[in-house]
Each structure stands twice: as structure tokens, then as C-alpha cells.
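# Fold and geometry: a report
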Amino acid sequence: VKAFFEYIEIDTDQAKRFYYPRKHTLSSILNAYQEVYDGKLDFLSVSQPKRTGKTTSGLRLSLMMGGNKPDGCIFATGKGEGLVKSFFGGINETFDDAQMYQRYLDVFPNAVKVGQNADELTIHLGKKRRFATFTCRPIDGSIVGNTEANVLLYIDDCVKNHEEARNR
């Protein structure tokens with residue numbers, strides 16, 4: 001996991017890098033992500049302060065797992081349309097940046113992006129199938145029958161605010 005995080009942005013301008021400036025902060029999370037990636041851990045909950053890289057690192061883990069199993073399905077969900085659109089955009093950043101996408105294909109040559117649907121917030125790798133490799137939907141949106149999560153279920157910020165969090 002750490003090697004992928006380093007390699008994917010190796011040619012990126014230092015001011016725009018995600019991983020290198022946060023290397024020490026993310027170390028323990030990436031160790032846990034490695035266990036998820038290796039299949040040693042079925043459930044992981046990450047809790048850290050805001051702006052420490054939780055979401056972007058979670059999306060990078062999703063990219064790795066999607067690249068490793070492009071014929072599988074990764075479902076990313078959270079509270080609200082705006083948040084899940086940011087997941088979709090965050091995943092797409094890798095495919096939209098030519099250098100980063102080439103690095104991604106160096107690691108996962110079978111994970112060629114073959115389609116996306118911005119309205120449905122889906123991205124297909126390898127070939128188009130009924131369920132996309134990546135699907136992003138709000139937790140309170142239409143989920144049933146639209147996706148699977150047979151590779152990874154990524155949940156981020158599933159509670160709207162403090163009031164909702166305190167409501168049993």
C-alpha cells in the first residue's frame with residue numbers, strides 16, 4: 001500500500017503531492033490498509049481529526065483494490081450527494097491525470113478505464129458490466145439493485161452532524 005501511494009504520485013509536483021507530506025501521519029492507517037488489501041482484515045474503522053487525509057487515503061485504497069480486481073465492485077457511500085460526488089471526483093483524478101493514470105496502469109495493467117457515468121457516479125475498469133467497478137452513492141440514496149460491494153464497501157462520514165450523531 002505504501003509503495004503504491006508513493007509510486008502513483010512520484011512525478012507529481014511536490015506542492016501537489018498528497019502522500020509525501022502526510023507520510024508519518026498516515027503510517028498507521030496505511031499499515032491497516034495493507035491488512036485490508038491482503039485480506040487479513042475484514043473491517044476497519046478509521047477515526048482521525050479533520051484534514052489529516054482520511055478520505056483521500058481511503059479513495060486511494062479503493063483505487064488499489066479496484067485495480068487489483070477490476071471485474072469486482074467497490075461501493076463508496078457517505079452522507080449527502082456532495083460528499084459522494086467528491087468521492088467520484090477523487091477517484092477520477094487518477095484517471096484524468098495522464099502521468100498518474102500511466103503509473104496506475106504500470107501497477108494494474110488490466111485496469112484500463114473503459115467508461116464512466118457522471119450522472120450515476122460510476123466508473124468501469126476492464127470492461128463494462130452490469131455493476132461498475134466503482135459506484136458512489138449517498139447513504140440515503142437509491143442503492144438496492146444499483147451496485148454491489150464484493151471487493152470493498154467504503155463508508156465515509158455517514159452521519160450528517162453532531163445532532164444526528166447524538167440521536168439514538
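About the thresholds
Residues numbered from 1 in each chain as written. Predicted model: local features only at pLDDT ≥ 70, side-chain atom pairs only at ≥ 80, totals over all residues. Heavy atoms only, no water. Helix = DSSP H or I, 4+ residues; strand = E, 2+ residues; numbered from the N terminus. Polar contact = N/O pair within 3.5 Å; in protein donor to acceptor, adjacent residues only side chain to side chain. Contact = heavy atoms within 4.5 Å. Buried < 20%, exposed > 50% of the residue type's maximum accessible area, 1.4 Å probe, protein only. Pairing = 2+ DSSP bridges. Axes fitted to C-alpha atoms, helices over the stretch in contact; angles between N-to-C directions. Expected span 1.5 Å × (residues − 1). Phe/Tyr/Trp six-rings, centres within 6.5 Å; stacked < 30°, edge-to-face > 60°.

## Some details on the side chain of Ser 57
Residue placement: Ser 57 occurs in helix 3 (residues 54-68). A polar side-chain atom of Ser 57 sits 3.4 Å from a polar atom in the side chain of Tyr 33. Those residues in contact with Ser 57 that sit more than four places away from it in its chain are Phe 5, Phe 18, Leu 26, Ile 29, Leu 30 and Tyr 33.

## Regarding unusual backbone geometry
Despite not being glycine, Arg 51 has its phi angle at roughly 65°, a positive value. Residue placement: Arg 51 occurs in the loop between helix 2 (19-37) and helix 3. Residue classification places Arg 51 among the exposed residues on the basis of a relative accessible area of 80%. The backbone of Leu 121 sits at a positive phi, close to 55°, despite the residue not being glycine.

## Here's the deal with the sheet that holds strand 5 (residues 152-156)
In space, the five strands of this open sheet follow the order 2-3-4-1-5, with mixed pairing throughout. With partners counted over all chains shown, the strands left at the sheet margins are strand 2 (113-117) and strand 5, one partner each. The sheet shows a mean angle of 15° between the axes of neighbouring strands, taken without regard to direction. Relative to strand 5, strand 1 (residues 74-78) runs parallel, the two sharing five bridges. Each residue of the ladder has a partner; that of Ile 74, found in strand 5, is Leu 152. The strands that helix 4 (residues 81-96) touches are strand 1, strand 2, strand 3 (122-125), strand 4 (134-138) and strand 5; relative to strand 4, the one it contacts most, it runs at about 160°.

## Overview of helix 2
The terminal C-alpha atoms of helix 2 lie 18 Å apart, and with 19 residues this falls more than 12% below the ideal 27 Å at 1.5 Å per residue. Of all the residues in helix 2, the buried ones are Tyr 19, Leu 26, Ile 29, Leu 30, Ala 32, Tyr 33 and Val 36. Buried positions along helix 2 lie against helix 1 (2-8) and helix 3. Immediately beyond the C-terminal end of helix 2, within one or two residues, lies Gly 39, with a positive phi of roughly 80°.

## Quick look at the packing of aromatic side chains
Scanning the entire structure with this criterion turns up nine aromatic pairs. Between Phe 5 and Tyr 19, the ring centres sit 5.8 Å apart and the planes meet at 80°, which makes this aromatic pair edge-to-face. In this pair, Phe 5 is assigned in helix 1 and Tyr 19 in helix 2, connecting sequence segments 14 residues apart. Of the two residues, Phe 5 and Tyr 19, both sit in the buried class. Counting every residue linked through ring pairs, the aromatic cluster contains Phe 4, Phe 5, Tyr 19, Tyr 20, Phe 95, Tyr 101, Tyr 104 and Phe 108.

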